[in-house]
Amino acid sequence: MSAQNGSVPKIRVRGLKKAFGSKIVLDGIDLDIAPRTSMVVIGGSGTGKSVLLKCILGLIEPDSGLIEIDGTNVLTAPRREAARLRARIGMLFQNGALFDSLPVWENVCFGLLAENRITRAAARRKATEVLAQVGLGPEVITLSPAELSGGMQKRVALARAIAAEPDIMFFDEPTTGLDPIMGAVIDELIVDCVKKLGSTALAITHDMASAQRIGDRAAMLYQGRIAWEGPAEDLLTTAQPLVHQFTHGLAEGPIQMTLRR
Amino acid sequence: MTLSLNPLDGLAATGRFTLALCRGAGGATLFALEGVHQLFRRPFHLRAFLRALMDIGYASLPVVALTAIFTGMVLALQASTGLSRFSAGSAIPNLVVLSVTRELGPVLAALMVSGRAGAAIAAEIGTMRVTDQIDALTTLATNPMRYLVAPRLLAGLIALPLLVVIADILGVLGGFIVGTLKLGFDAATYLTNTINFLHTDDVVSGLVKAAVFGFVIALMGCYNGYRSRGGAQGVGSATTAAVVSASVLILALDYGLTEMFFTK
Ligand SMILES: Nc1ncnc2c1ncn2[C@@H]1O[C@H](COP(=O)(O)OP(=O)(O)OP(=O)(O)O)[C@@H](O)[C@H]1O
Ligand SMILES: [Mg+2]
(Lines give C-alpha, C1' and ligand atoms only; values in the text may rest on other atoms or scores of the structure.)
(Ligands and ions follow the chains in the order given, each with its own letter.)
Protein backbone atom coordinates (compact mmCIF):
# COMPACT_ATOMS: atom_id res chain seq x y z
CA MET A 1 0.00 0.00 0.00
CA SER A 2 3.03 2.26 0.34
CA ALA A 3 3.44 2.17 -3.38
CA GLN A 4 -0.09 2.83 -4.54
CA ASN A 5 0.22 3.24 -8.32
CA GLY A 6 3.93 2.56 -7.81
CA SER A 7 4.59 6.21 -6.84
CA VAL A 8 6.87 7.45 -4.06
CA PRO A 9 4.86 8.10 -0.90
CA LYS A 10 4.61 11.76 0.05
CA ILE A 11 5.55 10.89 3.59
CA ARG A 12 7.27 7.70 4.62
CA VAL A 13 8.07 6.91 8.23
CA ARG A 14 10.09 3.86 9.26
CA GLY A 15 11.06 2.63 12.71
CA LEU A 16 10.51 6.03 14.31
CA LYS A 17 11.36 6.01 18.01
CA LYS A 18 11.11 8.69 20.63
CA ALA A 19 11.34 8.48 24.41
CA PHE A 20 11.16 11.28 26.96
CA GLY A 21 13.50 10.14 29.70
CA SER A 22 12.47 6.60 30.53
CA LYS A 23 9.01 7.05 29.04
CA ILE A 24 8.85 5.46 25.60
CA VAL A 25 6.29 7.31 23.50
CA LEU A 26 6.99 6.20 19.92
CA ASP A 27 8.39 2.69 19.62
CA GLY A 28 8.98 2.02 15.93
CA ILE A 29 6.33 3.76 13.86
CA ASP A 30 5.92 2.68 10.23
CA LEU A 31 3.60 4.82 8.14
CA ASP A 32 3.16 5.70 4.46
CA ILE A 33 0.99 8.47 3.09
CA ALA A 34 0.46 8.48 -0.67
CA PRO A 35 0.41 11.83 -2.50
CA ARG A 36 -2.98 13.55 -2.77
CA THR A 37 -4.57 11.32 -0.16
CA SER A 38 -5.53 11.90 3.41
CA MET A 39 -4.58 9.77 6.37
CA VAL A 40 -6.36 9.86 9.70
CA VAL A 41 -4.53 8.80 12.84
CA ILE A 42 -6.56 7.72 15.85
CA GLY A 43 -5.44 6.52 19.24
CA GLY A 44 -5.90 7.04 22.93
CA SER A 45 -5.04 10.25 24.70
CA GLY A 46 -1.31 10.46 25.41
CA THR A 47 -0.29 7.75 22.95
CA GLY A 48 2.01 10.11 21.06
CA LYS A 49 -0.06 11.32 18.10
CA SER A 50 0.99 14.94 18.53
CA VAL A 51 4.58 13.86 19.12
CA LEU A 52 4.50 11.96 15.81
CA LEU A 53 3.44 15.11 13.93
CA LYS A 54 6.06 17.22 15.70
CA CYS A 55 8.78 14.69 14.82
CA ILE A 56 7.87 14.90 11.13
CA LEU A 57 7.84 18.70 11.37
CA GLY A 58 11.27 18.71 13.00
CA LEU A 59 10.01 20.33 16.20
CA ILE A 60 10.97 17.27 18.25
CA GLU A 61 14.14 15.34 17.53
CA PRO A 62 13.39 11.60 17.32
CA ASP A 63 15.82 9.10 18.85
CA SER A 64 16.04 6.95 15.74
CA GLY A 65 14.21 6.02 12.57
CA LEU A 66 13.63 7.45 9.15
CA ILE A 67 11.30 10.18 7.91
CA GLU A 68 11.08 10.76 4.18
CA ILE A 69 9.27 13.62 2.52
CA ASP A 70 9.05 13.14 -1.26
CA GLY A 71 11.69 10.43 -0.98
CA THR A 72 14.28 12.50 0.93
CA ASN A 73 15.17 11.56 4.49
CA VAL A 74 14.78 14.82 6.40
CA LEU A 75 16.66 13.46 9.41
CA THR A 76 19.91 13.02 7.48
CA ALA A 77 19.48 15.61 4.71
CA PRO A 78 21.45 18.88 4.94
CA ARG A 79 19.70 21.39 7.19
CA ARG A 80 18.69 23.68 4.35
CA GLU A 81 17.20 20.87 2.29
CA ALA A 82 15.30 19.50 5.28
CA ALA A 83 13.97 22.96 6.11
CA ARG A 84 12.89 23.46 2.48
CA LEU A 85 10.93 20.20 2.50
CA ARG A 86 9.35 20.91 5.86
CA ALA A 87 8.43 24.45 4.82
CA ARG A 88 5.85 22.87 2.54
CA ILE A 89 3.91 21.50 5.50
CA GLY A 90 1.08 23.57 6.96
CA MET A 91 0.28 22.71 10.57
CA LEU A 92 -2.79 23.16 12.73
CA PHE A 93 -1.66 22.83 16.34
CA GLN A 94 -3.88 21.05 18.82
CA ASN A 95 -4.27 24.19 20.96
CA GLY A 96 -4.30 26.59 18.03
CA ALA A 97 -1.04 28.32 18.96
CA LEU A 98 -2.23 31.65 17.55
CA PHE A 99 0.13 34.61 17.98
CA ASP A 100 -1.65 36.64 20.62
CA SER A 101 0.33 39.80 19.92
CA LEU A 102 -1.02 39.98 16.36
CA PRO A 103 -4.55 40.60 15.03
CA VAL A 104 -6.42 37.77 13.35
CA TRP A 105 -5.61 38.83 9.78
CA GLU A 106 -1.88 38.93 10.45
CA ASN A 107 -2.12 35.52 12.08
CA VAL A 108 -3.86 34.06 9.04
CA CYS A 109 -1.41 35.53 6.52
CA PHE A 110 1.70 35.18 8.70
CA GLY A 111 3.37 32.58 6.50
CA LEU A 112 2.56 34.43 3.27
CA LEU A 113 3.89 37.69 4.72
CA ALA A 114 7.01 35.98 6.04
CA GLU A 115 7.79 34.64 2.58
CA ASN A 116 6.99 38.01 0.99
CA ARG A 117 4.40 36.39 -1.22
CA ILE A 118 1.86 39.09 -0.43
CA THR A 119 1.76 42.76 0.58
CA ARG A 120 0.26 43.83 3.89
CA ALA A 121 -2.65 45.48 2.10
CA ALA A 122 -3.38 42.35 0.09
CA ALA A 123 -3.02 40.23 3.23
CA ARG A 124 -6.17 41.72 4.77
CA ARG A 125 -8.18 40.81 1.69
CA LYS A 126 -6.66 37.35 1.56
CA ALA A 127 -7.36 36.81 5.25
CA THR A 128 -11.03 37.73 4.78
CA GLU A 129 -11.23 35.22 1.94
CA VAL A 130 -9.64 32.34 3.86
CA LEU A 131 -11.64 33.10 7.00
CA ALA A 132 -14.85 32.89 4.98
CA GLN A 133 -13.89 29.31 4.12
CA VAL A 134 -13.83 28.41 7.80
CA GLY A 135 -17.12 30.19 8.45
CA LEU A 136 -15.82 33.42 9.98
CA GLY A 137 -17.01 36.85 8.87
CA PRO A 138 -14.89 39.90 7.98
CA GLU A 139 -15.64 41.51 11.35
CA VAL A 140 -13.13 39.27 13.14
CA ILE A 141 -10.05 40.20 11.14
CA THR A 142 -9.00 43.11 13.34
CA LEU A 143 -9.73 41.35 16.63
CA SER A 144 -6.95 39.83 18.68
CA PRO A 145 -7.06 36.05 19.24
CA ALA A 146 -7.87 36.54 22.93
CA GLU A 147 -11.16 38.16 21.93
CA LEU A 148 -12.38 35.01 20.15
CA SER A 149 -14.15 31.96 21.52
CA GLY A 150 -12.25 28.66 21.65
CA GLY A 151 -13.94 27.30 18.54
CA MET A 152 -13.33 30.54 16.65
CA GLN A 153 -9.66 30.40 17.61
CA LYS A 154 -9.49 26.87 16.28
CA ARG A 155 -10.94 28.00 12.97
CA VAL A 156 -8.53 30.95 12.71
CA ALA A 157 -5.69 28.52 13.37
CA LEU A 158 -7.07 26.28 10.64
CA ALA A 159 -7.24 29.26 8.28
CA ARG A 160 -3.61 30.05 9.11
CA ALA A 161 -2.56 26.46 8.38
CA ILE A 162 -4.15 26.41 4.92
CA ALA A 163 -3.71 30.07 3.85
CA ALA A 164 -0.51 29.38 1.95
CA GLU A 165 -2.13 26.35 0.27
CA PRO A 166 0.67 24.07 1.42
CA ASP A 167 1.52 20.89 -0.34
CA ILE A 168 1.16 18.86 2.87
CA MET A 169 -1.26 19.69 5.67
CA PHE A 170 -1.20 18.40 9.24
CA PHE A 171 -4.27 18.80 11.38
CA ASP A 172 -4.06 18.02 15.09
CA GLU A 173 -7.69 17.53 16.13
CA PRO A 174 -9.23 20.02 13.68
CA THR A 175 -12.81 19.67 14.90
CA THR A 176 -12.35 19.29 18.65
CA GLY A 177 -14.30 22.04 20.38
CA LEU A 178 -16.54 22.82 17.39
CA ASP A 179 -20.28 22.28 17.20
CA PRO A 180 -21.36 19.32 15.03
CA ILE A 181 -22.42 21.44 12.06
CA MET A 182 -19.23 23.49 12.02
CA GLY A 183 -17.31 20.24 12.50
CA ALA A 184 -18.87 18.87 9.32
CA VAL A 185 -18.08 22.10 7.45
CA ILE A 186 -14.42 21.87 8.49
CA ASP A 187 -14.26 18.20 7.51
CA GLU A 188 -15.53 19.16 4.09
CA LEU A 189 -12.97 21.95 3.84
CA ILE A 190 -10.17 19.48 4.56
CA VAL A 191 -11.50 17.08 1.95
CA ASP A 192 -11.65 20.01 -0.51
CA CYS A 193 -8.03 20.86 0.17
CA VAL A 194 -7.04 17.35 -0.78
CA LYS A 195 -9.35 17.06 -3.80
CA LYS A 196 -9.04 20.58 -5.26
CA LEU A 197 -5.56 21.71 -4.21
CA GLY A 198 -4.07 18.25 -4.50
CA SER A 199 -2.57 18.47 -1.04
CA THR A 200 -1.67 15.52 1.13
CA ALA A 201 -3.28 15.56 4.55
CA LEU A 202 -2.51 13.92 7.87
CA ALA A 203 -5.19 14.45 10.49
CA ILE A 204 -5.50 13.38 14.10
CA THR A 205 -9.01 13.04 15.44
CA HIS A 206 -11.03 11.47 18.20
CA ASP A 207 -14.27 11.77 16.26
CA MET A 208 -15.01 8.59 14.28
CA ALA A 209 -17.63 10.22 12.02
CA SER A 210 -15.15 12.94 11.19
CA ALA A 211 -12.38 10.37 10.66
CA GLN A 212 -14.50 8.60 8.05
CA ARG A 213 -15.42 11.85 6.33
CA ILE A 214 -11.84 13.16 6.14
CA GLY A 215 -9.77 10.06 5.71
CA ASP A 216 -8.95 7.97 2.68
CA ARG A 217 -6.97 5.74 4.99
CA ALA A 218 -6.75 5.43 8.74
CA ALA A 219 -4.17 4.20 11.22
CA MET A 220 -4.41 3.46 14.89
CA LEU A 221 -1.56 4.27 17.25
CA TYR A 222 -1.25 2.00 20.25
CA GLN A 223 1.69 1.50 22.63
CA GLY A 224 4.07 3.40 20.39
CA ARG A 225 3.31 1.49 17.21
CA ILE A 226 0.82 1.50 14.37
CA ALA A 227 -1.50 -1.28 15.53
CA TRP A 228 -3.76 -1.18 12.49
CA GLU A 229 -3.79 0.53 9.12
CA GLY A 230 -6.52 0.32 6.50
CA PRO A 231 -9.19 2.16 4.54
CA ALA A 232 -10.99 4.72 6.69
CA GLU A 233 -14.38 3.25 5.86
CA ASP A 234 -13.35 0.03 7.62
CA LEU A 235 -12.79 1.82 10.95
CA LEU A 236 -16.14 0.82 12.39
CA THR A 237 -16.39 -2.59 10.76
CA THR A 238 -12.94 -4.09 11.12
CA ALA A 239 -12.61 -7.09 13.40
CA GLN A 240 -9.21 -5.94 14.71
CA PRO A 241 -9.92 -6.07 18.46
CA LEU A 242 -8.02 -2.87 19.39
CA VAL A 243 -9.71 -0.80 16.71
CA HIS A 244 -13.07 -2.34 17.42
CA GLN A 245 -12.89 -1.50 21.09
CA PHE A 246 -11.54 1.99 20.46
CA THR A 247 -13.95 3.08 17.74
CA HIS A 248 -16.94 1.71 19.62
CA GLY A 249 -15.79 3.17 22.91
CA LEU A 250 -16.07 -0.12 24.81
CA ALA A 251 -14.80 -0.38 28.36
CA GLU A 252 -14.09 -4.10 27.92
CA GLY A 253 -11.36 -5.24 25.58
CA PRO A 254 -7.61 -5.51 25.04
CA ILE A 255 -7.02 -1.80 25.84
CA GLN A 256 -6.94 -1.46 29.60
CA MET A 257 -7.38 1.99 31.03
CA THR A 258 -5.33 2.00 34.20
CA LEU A 259 -7.67 3.64 36.66
CA ARG A 260 -7.32 3.37 40.38
CA ARG A 261 -10.57 3.13 42.27
CA MET B 1 10.79 13.02 56.90
CA THR B 2 13.76 13.54 59.18
CA LEU B 3 15.80 16.67 59.09
CA SER B 4 19.45 15.64 58.90
CA LEU B 5 22.14 18.25 59.07
CA ASN B 6 25.03 16.64 57.32
CA PRO B 7 27.91 19.10 56.92
CA LEU B 8 28.50 17.68 53.44
CA ASP B 9 24.99 18.67 52.37
CA GLY B 10 26.01 22.30 52.24
CA LEU B 11 29.03 21.36 50.16
CA ALA B 12 26.91 19.31 47.80
CA ALA B 13 24.41 22.13 47.45
CA THR B 14 27.20 24.57 46.67
CA GLY B 15 28.53 22.16 44.08
CA ARG B 16 25.12 21.73 42.50
CA PHE B 17 24.65 25.49 42.39
CA THR B 18 28.08 26.01 40.81
CA LEU B 19 27.39 23.34 38.19
CA ALA B 20 24.01 24.86 37.40
CA LEU B 21 25.64 28.27 37.12
CA CYS B 22 28.24 26.99 34.64
CA ARG B 23 25.57 25.20 32.59
CA GLY B 24 23.47 28.34 32.59
CA ALA B 25 26.38 30.55 31.62
CA GLY B 26 27.33 28.23 28.78
CA GLY B 27 23.77 27.97 27.55
CA ALA B 28 23.21 31.70 27.71
CA THR B 29 26.47 32.39 25.86
CA LEU B 30 25.57 30.04 23.01
CA PHE B 31 22.10 31.56 22.93
CA ALA B 32 23.57 35.07 22.73
CA LEU B 33 25.90 34.08 19.89
CA GLU B 34 23.01 32.59 17.93
CA GLY B 35 20.87 35.67 18.60
CA VAL B 36 23.59 38.05 17.43
CA HIS B 37 24.25 35.87 14.40
CA GLN B 38 20.57 36.06 13.42
CA LEU B 39 20.76 39.85 13.67
CA PHE B 40 22.83 39.84 10.51
CA ARG B 41 20.62 37.47 8.54
CA ARG B 42 17.86 38.63 6.23
CA PRO B 43 15.00 39.38 6.64
CA PHE B 44 15.42 41.88 9.47
CA HIS B 45 12.10 42.11 11.32
CA LEU B 46 11.72 45.88 11.53
CA ARG B 47 8.26 45.86 13.09
CA ALA B 48 9.33 43.48 15.83
CA PHE B 49 12.37 45.67 16.47
CA LEU B 50 10.36 48.90 16.71
CA ARG B 51 7.87 47.26 19.03
CA ALA B 52 10.68 46.01 21.26
CA LEU B 53 12.22 49.49 21.26
CA MET B 54 8.93 50.95 22.45
CA ASP B 55 8.49 48.25 25.09
CA ILE B 56 12.00 48.48 26.48
CA GLY B 57 12.74 52.17 25.97
CA TYR B 58 9.71 54.36 25.75
CA ALA B 59 7.57 52.48 28.26
CA SER B 60 10.39 52.50 30.82
CA LEU B 61 10.80 56.26 30.59
CA PRO B 62 8.56 57.29 33.53
CA VAL B 63 10.05 54.89 36.03
CA VAL B 64 13.62 55.66 34.96
CA ALA B 65 12.93 59.41 35.07
CA LEU B 66 11.52 59.27 38.59
CA THR B 67 14.38 57.12 39.81
CA ALA B 68 16.94 59.51 38.34
CA ILE B 69 15.39 62.68 39.79
CA PHE B 70 15.11 61.28 43.29
CA THR B 71 18.60 59.82 43.11
CA GLY B 72 20.04 63.22 42.15
CA MET B 73 18.09 64.89 44.94
CA VAL B 74 19.16 62.46 47.63
CA LEU B 75 22.78 62.55 46.44
CA ALA B 76 22.89 66.32 46.84
CA LEU B 77 21.38 66.07 50.29
CA GLN B 78 23.73 63.30 51.43
CA ALA B 79 26.71 65.12 49.96
CA SER B 80 25.85 68.30 51.80
CA THR B 81 25.77 66.57 55.17
CA GLY B 82 28.86 64.48 54.39
CA LEU B 83 31.03 67.05 52.66
CA SER B 84 30.30 69.90 55.05
CA ARG B 85 32.33 68.00 57.63
CA PHE B 86 35.36 68.74 55.45
CA SER B 87 34.07 72.20 54.57
CA ALA B 88 33.92 70.97 51.00
CA GLY B 89 30.28 71.82 50.41
CA SER B 90 31.12 73.50 47.11
CA ALA B 91 31.96 70.10 45.63
CA ILE B 92 28.34 68.98 45.76
CA PRO B 93 27.58 69.61 42.06
CA ASN B 94 30.68 67.68 41.01
CA LEU B 95 29.89 64.79 43.23
CA VAL B 96 26.32 64.59 41.96
CA VAL B 97 27.19 64.74 38.29
CA LEU B 98 30.04 62.24 38.54
CA SER B 99 28.02 59.73 40.56
CA VAL B 100 25.07 60.00 38.25
CA THR B 101 26.82 59.79 34.89
CA ARG B 102 29.42 57.22 35.80
CA GLU B 103 27.53 54.94 38.09
CA LEU B 104 24.04 55.51 39.35
CA GLY B 105 22.42 56.56 36.08
CA PRO B 106 23.30 53.39 34.18
CA VAL B 107 23.00 50.97 37.10
CA LEU B 108 19.71 52.19 38.52
CA ALA B 109 18.15 52.62 35.09
CA ALA B 110 19.25 49.10 34.17
CA LEU B 111 17.87 47.59 37.37
CA MET B 112 14.55 49.36 36.79
CA VAL B 113 14.34 48.29 33.15
CA SER B 114 15.27 44.73 34.11
CA GLY B 115 12.33 44.59 36.51
CA ARG B 116 9.98 46.08 33.96
CA ALA B 117 11.01 45.10 30.47
CA GLY B 118 13.21 42.08 31.21
CA ALA B 119 10.40 40.42 33.11
CA ALA B 120 7.92 41.27 30.36
CA ILE B 121 10.16 39.78 27.67
CA ALA B 122 10.57 36.55 29.64
CA ALA B 123 6.84 36.31 30.27
CA GLU B 124 5.91 36.93 26.66
CA ILE B 125 8.43 34.57 25.10
CA GLY B 126 7.82 32.00 27.83
CA THR B 127 4.09 32.04 27.13
CA MET B 128 4.79 31.68 23.43
CA ARG B 129 6.95 28.66 24.20
CA VAL B 130 4.46 26.81 26.39
CA THR B 131 1.54 27.48 24.02
CA ASP B 132 3.45 26.17 20.95
CA GLN B 133 3.62 29.62 19.35
CA ILE B 134 7.37 29.31 18.90
CA ASP B 135 6.87 25.97 17.14
CA ALA B 136 4.17 27.61 15.03
CA LEU B 137 6.66 30.28 13.90
CA THR B 138 8.96 27.56 12.61
CA THR B 139 6.16 26.01 10.57
CA LEU B 140 5.36 29.42 9.07
CA ALA B 141 8.74 30.00 7.44
CA THR B 142 10.01 32.17 10.30
CA ASN B 143 13.14 31.59 12.35
CA PRO B 144 12.09 32.25 15.97
CA MET B 145 15.59 33.35 17.01
CA ARG B 146 15.57 35.92 14.22
CA TYR B 147 11.99 37.04 14.79
CA LEU B 148 11.80 37.05 18.59
CA VAL B 149 15.30 37.25 19.99
CA ALA B 150 17.48 39.29 17.62
CA PRO B 151 15.19 42.38 17.53
CA ARG B 152 14.96 42.46 21.32
CA LEU B 153 18.72 42.17 21.79
CA LEU B 154 19.26 45.10 19.44
CA ALA B 155 16.47 47.09 21.06
CA GLY B 156 18.01 46.58 24.52
CA LEU B 157 21.41 47.62 23.23
CA ILE B 158 20.00 50.86 21.79
CA ALA B 159 17.26 51.74 24.26
CA LEU B 160 19.32 51.71 27.45
CA PRO B 161 21.90 54.34 26.41
CA LEU B 162 19.04 56.62 25.30
CA LEU B 163 17.32 56.14 28.64
CA VAL B 164 20.57 56.81 30.46
CA VAL B 165 21.14 60.11 28.65
CA ILE B 166 17.76 61.20 29.99
CA ALA B 167 18.51 59.76 33.41
CA ASP B 168 21.80 61.69 33.52
CA ILE B 169 20.07 64.97 32.73
CA LEU B 170 17.28 64.37 35.23
CA GLY B 171 19.71 63.20 37.90
CA VAL B 172 21.65 66.45 37.60
CA LEU B 173 18.36 68.33 37.64
CA GLY B 174 17.42 66.59 40.89
CA GLY B 175 20.71 67.68 42.45
CA PHE B 176 20.20 71.18 41.07
CA ILE B 177 16.75 71.44 42.63
CA VAL B 178 17.96 70.46 46.08
CA GLY B 179 21.17 72.46 45.68
CA THR B 180 19.47 75.72 44.79
CA LEU B 181 16.25 75.46 46.77
CA LYS B 182 17.54 73.88 49.90
CA LEU B 183 21.29 74.20 50.16
CA GLY B 184 21.56 77.80 49.09
CA PHE B 185 23.55 77.36 45.87
CA ASP B 186 23.38 80.05 43.26
CA ALA B 187 21.86 78.52 40.11
CA ALA B 188 24.61 79.71 37.77
CA THR B 189 27.39 78.54 40.11
CA TYR B 190 25.79 75.12 40.44
CA LEU B 191 25.62 74.66 36.70
CA THR B 192 29.15 75.94 36.03
CA ASN B 193 30.50 73.63 38.69
CA THR B 194 28.61 70.75 37.14
CA ILE B 195 29.76 71.36 33.62
CA ASN B 196 33.36 72.29 34.32
CA PHE B 197 34.04 69.11 36.15
CA LEU B 198 32.44 66.77 33.71
CA HIS B 199 34.67 64.92 31.24
CA THR B 200 33.49 63.23 28.09
CA ASP B 201 34.88 59.99 29.51
CA ASP B 202 32.44 60.09 32.41
CA VAL B 203 29.43 60.24 30.15
CA VAL B 204 30.78 57.85 27.53
CA SER B 205 31.72 55.19 30.07
CA GLY B 206 28.20 55.43 31.50
CA LEU B 207 26.66 55.00 28.06
CA VAL B 208 28.86 52.03 27.23
CA LYS B 209 27.80 50.44 30.49
CA ALA B 210 24.19 51.15 29.58
CA ALA B 211 24.54 49.45 26.21
CA VAL B 212 26.04 46.36 27.83
CA PHE B 213 23.34 46.29 30.51
CA GLY B 214 20.61 46.70 27.91
CA PHE B 215 21.91 43.75 25.95
CA VAL B 216 22.14 41.65 29.12
CA ILE B 217 18.57 42.52 30.18
CA ALA B 218 17.15 41.53 26.79
CA LEU B 219 19.34 38.44 26.65
CA MET B 220 18.28 37.16 30.08
CA GLY B 221 14.61 37.83 29.28
CA CYS B 222 14.79 36.01 25.96
CA TYR B 223 16.97 33.16 27.18
CA ASN B 224 14.87 32.32 30.22
CA GLY B 225 11.61 32.74 28.34
CA TYR B 226 12.78 30.65 25.41
CA ARG B 227 13.64 27.62 27.52
CA SER B 228 10.71 27.77 29.88
CA ARG B 229 8.70 24.59 30.31
CA GLY B 230 5.50 23.53 31.92
CA GLY B 231 2.68 26.03 31.78
CA ALA B 232 2.02 29.10 33.88
CA GLN B 233 4.35 27.99 36.65
CA GLY B 234 7.23 27.54 34.22
CA VAL B 235 6.63 30.99 32.79
CA GLY B 236 6.57 32.41 36.32
CA SER B 237 9.92 30.94 37.24
CA ALA B 238 11.38 32.02 33.90
CA THR B 239 10.34 35.59 34.69
CA THR B 240 11.91 35.47 38.13
CA ALA B 241 15.09 33.93 36.75
CA ALA B 242 15.29 36.61 34.07
CA VAL B 243 15.12 39.47 36.57
CA VAL B 244 17.41 37.92 39.16
CA SER B 245 20.09 36.83 36.70
CA ALA B 246 20.00 40.16 34.87
CA SER B 247 20.28 42.14 38.12
CA VAL B 248 23.22 40.12 39.40
CA LEU B 249 24.96 40.30 36.04
CA ILE B 250 24.41 44.07 35.87
CA LEU B 251 26.11 44.60 39.22
CA ALA B 252 28.97 42.22 38.45
CA LEU B 253 29.56 43.65 34.98
CA ASP B 254 29.38 47.15 36.44
CA TYR B 255 32.40 46.39 38.56
CA GLY B 256 34.25 44.86 35.63
CA LEU B 257 33.51 47.75 33.31
CA THR B 258 34.45 50.35 35.93
CA GLU B 259 37.75 48.60 36.45
CA MET B 260 38.29 48.56 32.69
CA PHE B 261 37.53 52.26 32.22
CA PHE B 262 39.05 53.95 35.22
CA THR B 263 42.03 51.97 36.41
CA LYS B 264 44.63 52.01 33.72
N1 LIG C 1 8.03 17.87 25.43
C2 LIG C 1 7.70 16.77 26.12
N3 LIG C 1 8.43 16.39 27.18
C4 LIG C 1 8.15 15.28 27.87
N5 LIG C 1 7.12 14.47 27.59
C6 LIG C 1 6.34 14.77 26.54
C7 LIG C 1 6.59 15.94 25.76
N8 LIG C 1 5.67 15.99 24.77
C9 LIG C 1 4.88 14.92 24.95
N10 LIG C 1 5.28 14.17 26.00
C11 LIG C 1 4.67 12.93 26.47
O12 LIG C 1 4.46 12.13 25.34
C13 LIG C 1 3.22 11.46 25.44
C14 LIG C 1 2.42 11.64 24.18
O15 LIG C 1 2.02 12.98 24.07
P16 LIG C 1 1.14 13.50 22.85
O17 LIG C 1 0.94 14.95 23.07
O18 LIG C 1 1.74 13.07 21.58
O19 LIG C 1 -0.23 12.73 23.07
P20 LIG C 1 -1.46 12.65 22.09
O21 LIG C 1 -1.51 11.29 21.52
O22 LIG C 1 -1.40 13.80 21.14
O23 LIG C 1 -2.67 12.82 23.11
P24 LIG C 1 -4.01 13.69 22.97
O25 LIG C 1 -4.95 12.90 22.16
O26 LIG C 1 -4.47 13.82 24.38
O27 LIG C 1 -3.63 14.99 22.35
C28 LIG C 1 2.52 11.99 26.67
O29 LIG C 1 2.56 10.99 27.66
C30 LIG C 1 3.33 13.18 27.10
O31 LIG C 1 3.43 13.18 28.48
MG1 LIG D 1 -2.32 15.55 20.94
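The structure we're discussing is the one just above.
The present account deals with the structure reproduced in this document. (Residues numbered from 1 in each chain as written. Chains lettered and ligands numbered in written order. Predicted model: local features only at pLDDT ≥ 70, side-chain atom pairs only at ≥ 80, totals over all residues. Heavy atoms only, no water.)

Some words on the side chain of D32(A)
Residue and element names in this part refer to chain A.
- Mapped onto the fold, D32 is located in strand β2 (residues 23-33).
- Take D32: its relative accessible area is 12%, and that puts it in the buried class.
- Polar contacts involving the side chain of D32 include one to the side chain of R14, which spans 2.9 Å. (Helix = DSSP H or I, 4+ residues; strand = E, 2+ residues; numbered from the N terminus. Buried < 20%, exposed > 50% of the residue type's maximum accessible area, 1.4 Å probe, protein only. Polar contact = N/O pair within 3.5 Å; in protein donor to acceptor, adjacent residues only side chain to side chain.)

Some words on the sheet that holds strand β4 (residues 64-69) of chain A
Residue and element names in this part refer to chain A.
- What the 4 strands build is an open sheet, ordered β2-β1-β4-β5; its pairing is antiparallel. Each of the sheet's edge strands pairs with one partner strand only, and the pair in question is β2 and β5 (72-73).
- Alignment of β4 against β5, held across 2 bridges, turns out to be antiparallel. If you follow I69 over to β5, its bridge partner there is T72. (Pairing = 2+ DSSP bridges.)

Focus on the sheet that holds strand β7 (residues 168-172) of chain A
Residues and elements named next belong to chain A.
- With mixed pairing, 6 strands are arranged side by side in an open sheet as β6-β7-β8-β3-β9-β10. The open sheet is flanked by β6 (89-92) and β10 (225-231), the only strands paired with a single partner. Here the average twist between neighbouring strands, direction ignored, is 15°.
- Along the sheet, helix α1 (residues 49-57) makes contact with β3 (38-43), β6, β7, β8 (200-204) and β9 (217-222), crossing β7 at roughly 150°.
- Across the face of the sheet, helix α6 (residues 150-162) comes into contact with β6 and β7 while running at roughly 175° to β6. (Axes fitted to C-alpha atoms, helices over the stretch in contact; angles between N-to-C directions. Contact = heavy atoms within 4.5 Å.)

Description of the interface of chain B and chain A
- At the junction of the two partners, chain B supplies 17 residues and chain A supplies 20 residues.
- Among the residues of chain B in contact with chain A, Q133(B), T139(B) and L140(B) are the three that bury the most area, contributing 36% of the side total.
- K54(A) is paired through a salt bridge with D132(B); the nearest N and O atoms lie 3.4 Å apart.
- Counting across the chain B and chain A interface gives 3 residue pairs in polar contact (both at pLDDT 80 or more).
- When residues of the side of chain B that touches chain A are traced back to their parent elements, those giving at least two are α2 (46-56), α4 (92-130) and α5 (133-139) of chain B.
- Broken down by element, the side of chain B that touches chain A gets its largest block of residues, 6 residues, from α5(B).
- Partitioning the side of chain B that touches chain A into residue classes produces 6 nonpolar, 5 polar and 6 charged. (Buried area = accessible area lost by both parts, 1.4 Å probe. Salt bridge = Lys/Arg side-chain N within 4 Å of Asp/Glu carboxyl O. Nonpolar A, V, L, I, M, F, W, Y, C, P; charged D, E, K, R; others polar.)

Here we look at the site of ligand 1
Residue and element names in this part refer to chain A.
- Near ligand 1, the surroundings consist of 14 residues, among which S45, G46, K49, S50 and Q94 are the closest.
- Between ligand 1 and S45, the relevant distance is 2.5 Å, taken from an oxygen atom to a side-chain nitrogen or oxygen of the residue.
- Within the contact set of ligand 1, an oxygen atom lies 3.3 Å away from a backbone nitrogen or oxygen of T47.
- In the complex, 64% of the free accessible area of ligand 1, which totals 640 Å², lies under the protein chains.
- A per-element tally of the shell around ligand 1 places α1 first, with 3 residues.
- Looking at side-chain class alone, the shell around ligand 1 contains 3 nonpolar, 8 polar and 3 charged residues. (Near = heavy atom within 4 Å. Areas by Shrake-Rupley, 256 points an atom, 1.4 Å probe, with all protein chains shown as cover.)

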